[in-house]
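Inside the fold
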Amino acid sequence: MQKIFFLLCIVFIVAFLSSSPAFLTISLVAFFALAIYDSYLNKDFKVKWQNFIGNKSYVAATAIFFLIAYSGIYSELTPFYWDRVRVALPFLILPFAFSSLPKLSERQFQLVLYFLVISVSVASVATLANYLSDYAFYNKQLEYGRPIPTPIHHIRFSLLIAFTVAVGLWLLVKNVVYQYAWERWVLLGLIAFLFVFIHVLSVRSGIAVMYSTLFCLSLQYVFKTKKYILGGSVVLVIIAAPFLAYQLVPSFKNRIAYAVYDFQNMQKGNVKNFSDGERMISYEAGFQVGNRSPLLGVGIGDLDNEIRQFYAKKYPEFIVKRPHNQFIFFYAAIGIIGTIAFLIAFLIPFFHNSNFKDELILAFHIIVFLSFMVETTIGSAIGTAYYVFFLLFLLKQR
């Protein structure tokens, strides 16, 4: 019975990742409560705890919570600090939950991924319908760098789509169907739809990580199977697809035009109200604040105020933005020591037990690592849930 509830919680988490942050939180709490109840019912908490601390990947994931929380020792316990601790809670509770609950069967694991493709496709269809309802307006918005409305933050949504494309291709290669052979064609259609839709959505970071991931997976596939002609053909398609999308997808073309315009203005020193220019200013803010205490950082509790003071002194007319880079954010908040510790905690699950050989774990880490370059991915509840849940879900099957 516990295994059924475990599976249901996972299905709900997958469903709400692309649609409802509130219900996602409820599902995560229910998942953790189920793990605690299971330990109480079986009176084996001590055994499960030993299993948990004996798993380097789970411990490394949990350590990220303490890296975020410990800076409260030397910084003010501001509302911003407590908000960051709240957002980081999945790092604290989910590793033990996954460690203590039973492993899904291979069939159940595959069907959860199958459901992921369906749920993200449904959310994407709804987003596309909204876009098409005022096609001219949203295309015009893209010319000014404004995103198409999405159920969750547009960057997180694009990352989820990129990962889902990789998952769909994995299911296709593994010949996974629920019941009928014709489902493979449906799956192929959904993958093709998501591949095209991510260009319509035109979130550059999502598109970039998708192509990077597909390229790396293609190389891995070629080395494993020695199918060089097929692999070379896939690589050529990956290279040609953006050029084709530029010609055929108006929203993608408008986004590229804005990116060029943004870059040209940045070269001239005009950065206000331009996304890339303001991103560079946020990097500068992060480095300047971090340089005040390079080893330990200023502490997450003081980070928000320090960033605001930087803007007030140097860029008073700009909207205050925290660093749009996970590593720069951590450098400013917890210093070089904390950032290196975070990087180690991030890489341990990737390299431990040669997990990088698994196609899905490889794809997931490429997507998340590249997203760190342009966003504080684990700086939001959805981003944290996306990272922690899929990391642990994939590791559980190893």
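What comes next concerns the included structure. (Residues numbered from 1 in each chain as written. Predicted model: local features only at pLDDT ≥ 70, side-chain atom pairs only at ≥ 80, totals over all residues. Heavy atoms only, no water.)

Comments concerning the overall build of the protein
On a plain count of helices and strands, the protein comes out with 17 helices and zero strands. Based on the C-alpha atoms only, the size of the protein along its principal axes is roughly 60 × 55 × 40 Å. Per-residue burial for the protein yields a buried fraction of 52% across its 398 residues. Across the protein, the fraction of contacts at a sequence separation of at least 24, relative to all contacts at a separation of at least 6, is 76%. Here the protein has roughly 18300 Å² of accessible surface; of this, 69% comes from carbon and sulfur atoms. (Helix = DSSP H or I, 4+ residues; strand = E, 2+ residues; numbered from the N terminus. Buried < 20%, exposed > 50% of the residue type's maximum accessible area, 1.4 Å probe, protein only. Contact = heavy atoms within 4.5 Å. Areas by Shrake-Rupley, 256 points an atom, 1.4 Å probe, with all protein chains shown as cover.)

Here we look at unusual backbone geometry
We note that asparagine 175 has phi near 60°; this positive angle belongs to a residue other than glycine. Positionally, asparagine 175 belongs in the loop between helix 8 (154-173) and helix 9 (183-201). A relative accessible area of 47% places asparagine 175 in the partly exposed class. Despite not being glycine, serine 202 shows a phi value in the positive range, around 60°. The residue serine 202 is located in the loop between helix 9 and helix 10 (204-225) in this model. Exposure remark for serine 202: the relative accessible area of 0% places this residue in the buried category.

Observations concerning helix 17 (residues 381-396)
Every α-helix carries 3.6 residues per turn, so stepping three or four residues along brings you back to the same face. Under the 1.5 Å per step criterion, the end-to-end length of helix 17 is 22 Å for 16 residues, consistent within 8% with the ideal 22 Å. Across the 16 residues of helix 17, 15 count as buried, placing the element largely inside the fold. (Expected span 1.5 Å × (residues − 1).)

As for the nonpolar core
Inside soluble globular proteins, nonpolar side chains tend to come together where they are buried. In this structure, Phe31, Tyr387 and Phe393 are the most contacted members of the largest nonpolar core, which totals 121 residues. Looking at which element gives the most residues to this core, the answer is helix 8, with 13 residues. (Core = buried A, V, L, I, M, F, W, Y, C linked by side-chain atoms within 4.5 Å.)

Regarding the pattern of salt bridges
By the definition in use, this model includes 13 salt bridges. Residues glutamate 375 and arginine 279 are paired through a salt bridge, measuring 3.8 Å at the closest nitrogen-oxygen approach. In this pair, glutamate 375 sits in the loop between helix 16 (359-372) and helix 17 while arginine 279 sits in helix 13 (residues 275-290), placing the two residues 96 residues apart along the sequence. Accessibility assignment for this pair places glutamate 375 and arginine 279 in one class, buried. For glutamate 284, the salt bridge is made with lysine 314, and the minimal N-O distance between the two is 2.5 Å. One end of the pair, glutamate 284, is in helix 13; the other, lysine 314, is in helix 14 (residues 300-314), and 30 residues separate them in sequence. Overlapping salt bridges, with partners in common, bring together Asp38, Asp44 and Lys48 in one network. (Salt bridge = Lys/Arg side-chain N within 4 Å of Asp/Glu carboxyl O.)

A short note on a nonpolar patch on the surface
Together, Leu295, Leu296, Ile336, Ile337, Ile340 and Ile344 line one region of the surface with nonpolar side chains, adding up to about 540 Å² of accessible area. In this fold, isoleucine 337 is placed in helix 15 (residues 326-351). (Patch = residues over 30% accessible without salt bridge, like charges linked within 9 Å, V, L, I, M, F, W, Y side chains within 5 Å.)

Examining the environment of lysine 103
Within the secondary structure, lysine 103 is located in the loop between helix 5 (79-100) and helix 6 (106-133). The spacing of lysine 103 and alanine 192 is 89 residues in sequence and 31 Å in space, taken between C-alpha atoms. Other than its neighbours up to four places away in sequence, lysine 103 contacts Lys3, Lys396, Gln397 and Arg398. In terms of polar contacts, lysine 103 uses its side chain to reach the backbone carbonyl oxygen of glutamine 397, at 3.4 Å. (Polar contact = N/O pair within 3.5 Å; in protein donor to acceptor, adjacent residues only side chain to side chain.)

Digging into the environment of isoleucine 198
Relative to the elements of secondary structure, isoleucine 198 occurs in helix 9. Residue classification places isoleucine 198 among the buried residues on the basis of a relative accessible area of 0%. Between the C-alpha atom of isoleucine 198 and that of phenylalanine 252, which follows or precedes it by 54 residues, the distance is 9.1 Å. Sequence-distant contacts of isoleucine 198, defined by excluding residues within four places in its chain, comprise Ser158, Ile161, Ala162, Val203, Gly206, Ile207 and Met210.

Concerning the packing of aromatic side chains
As enumerated under the stated definition, the model contains 49 aromatic pairs in all. Taking the centre distance of 5.6 Å and the plane angle of 10° together, the rings of phenylalanine 389 and phenylalanine 393 count as stacked. Highlighted residues: phenylalanine 389 and phenylalanine 393, both in helix 17, separated by four residues, approximately one helical turn. Of the two residues examined, phenylalanine 389 and phenylalanine 393, each falls in the buried class. The lysine or arginine in question, lysine 43, covers the ring of tyrosine 40, its NZ or CZ lying 5.3 Å from the ring centre. (Phe/Tyr/Trp six-rings, centres within 6.5 Å; stacked < 30°, edge-to-face > 60°. Lys NZ or Arg CZ within 6 Å of the ring centre and 35° of its normal.)

So, the packing of helix 15 against helix 16
Put simply, helix 15 and helix 16 touch, their axes get as near as 13 Å, and they point 175° apart. The angle between helix 15 and helix 16 places the two elements in the roughly antiparallel class. Between helix 15, through Gln326, Phe327, Phe342, Leu343, Phe346 and Phe350, and helix 16, the contact on the second element is made entirely by Ile361, Leu362, His365, Val368, Phe369 and Phe372. Considering only residue class, the contact of helix 15 with helix 16 consists of 10 nonpolar, two polar and no charged. (Axes fitted to C-alpha atoms, helices over the stretch in contact; angles between N-to-C directions. Parallel < 35°, antiparallel > 145°, perpendicular 65-115°, else oblique. Nonpolar A, V, L, I, M, F, W, Y, C, P; charged D, E, K, R; others polar.)

Description of helix 11 (residues 228-248)
Between the first and last C-alpha of helix 11 there are 30 Å, a value that for 21 residues agrees with the 30 Å anticipated at 1.5 Å per step. A maximum bend of about 30° is found in helix 11 at alanine 240, where proline proline 242 lies one to four positions downstream. Looking only at helix 11, the buried set comprises Gly231, Val235, Ile238, Ala241 and Ala245. (Bend = angle between axes of the 7 residues up to and from the residue.)

With respect to the side chain of glutamate 306
Looking at the element boundaries, glutamate 306 is found in helix 14. For glutamate 306, a relative accessible area of 18% gives the class buried. Discounting residues that sit within four places of it in the chain, glutamate 306 has contacts with Val289, Arg292 and Val298.

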